[in-house]
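Observations on the three-dimensional arrangement
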Amino acid sequence: MVLLSQDAFLTEMTRLFQNTRESGSLSLTFKRVTEKAGDDDDEKKRHRCLIRARTEKKKISTVVDAKDVLKFQGSLCGLMKVSMSNLKRKERAKKDKKTEDSKS
């Protein structure tokens, strides 16, 4: 798994979306990571978010600080909206009006 900077991660996500546009899948996972900062006596904890993207052939990840999460998620959300334009709508079965009237 390759640990990338936030900008490099978004750029690589664009490539992964393009590669999986026709066939394949892309999965994202978010995980909270807590690290102790300083000595054992110091109980300050640093919260971060580990974000992983995975296709059948490639794995990438990045770490985002708590203060930068909203900015990063906004960028990621915009990227996902643009990249997931080819999703198919679910086909629904059409109900026959005659069967509805007879049930009432």
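Here the structure is a predicted model, which means the values were calculated and not measured.

Each value, and the rule that gives it
- Residues numbered from 1 in each chain as written.
- Predicted model: local features only at pLDDT ≥ 70, side-chain atom pairs only at ≥ 80, totals over all residues.
- Heavy atoms only, no water.
- Helix = DSSP H or I, 4+ residues; strand = E, 2+ residues; numbered from the N terminus.
- Buried < 20%, exposed > 50% of the residue type's maximum accessible area, 1.4 Å probe, protein only.
- Contact = heavy atoms within 4.5 Å.
- Areas by Shrake-Rupley, 256 points an atom, 1.4 Å probe, with all protein chains shown as cover.
- Core = buried A, V, L, I, M, F, W, Y, C linked by side-chain atoms within 4.5 Å.
- Salt bridge = Lys/Arg side-chain N within 4 Å of Asp/Glu carboxyl O.

**Observations concerning the overall build of the protein chain**
When helices and strands are counted, the protein chain shows three helices and four strands. Going through the 104 residues of the protein chain one by one, you find that 19% of them count as buried. When contacts within the protein chain are restricted to residue pairs at least 6 apart in sequence, those whose partners lie at least 24 apart make up 55%. When the accessible surface of the protein chain is totalled, it reaches about 8800 Å², and 48% of it is carbon and sulfur.

**Some thoughts on the nonpolar core**
Within the largest apolar cluster, 13 residues are counted, with the highest numbers of intra-cluster contacts made by F9, M13 and F72. Looking at this core, the elements with two or more residues in it are α1 (6–19), β3 (45–54), β4 (59–65) and α2 (69–83). Broken down by element, this core gets its largest block of residues, five residues, from α1. Leaving out residues up to four positions away in the same chain, F72 has contacts with Q6, F9, L10, I51, T62 and V64.

**Considerations on the pattern of salt bridges**
For the structure on display, the rule yields five salt bridges. A salt bridge links E12 to K58, with the nearest nitrogen and oxygen atoms 2.7 Å apart. Separated by 46 residues along the polypeptide, E12 in helix α1 and K58 in the loop between β3 and β4 bring together distant segments of the chain. The exposure class assigned to K58 is partly exposed, which follows from its relative accessible area of 35%. Two residues, R48 and D65, come together in a salt bridge whose shortest N-O distance is 3.0 Å. With R48 in strand β3 and D65 in strand β4, this residue pair connects regions lying 17 residues apart in the sequence. A relative accessible area of 22% places R48 in the partly exposed class. Residue D65 is classed as partly exposed on the basis of its relative accessible area, which comes to 27%. One connected set of salt bridges, linked through shared partners, spans E35, R46, R48 and D65.

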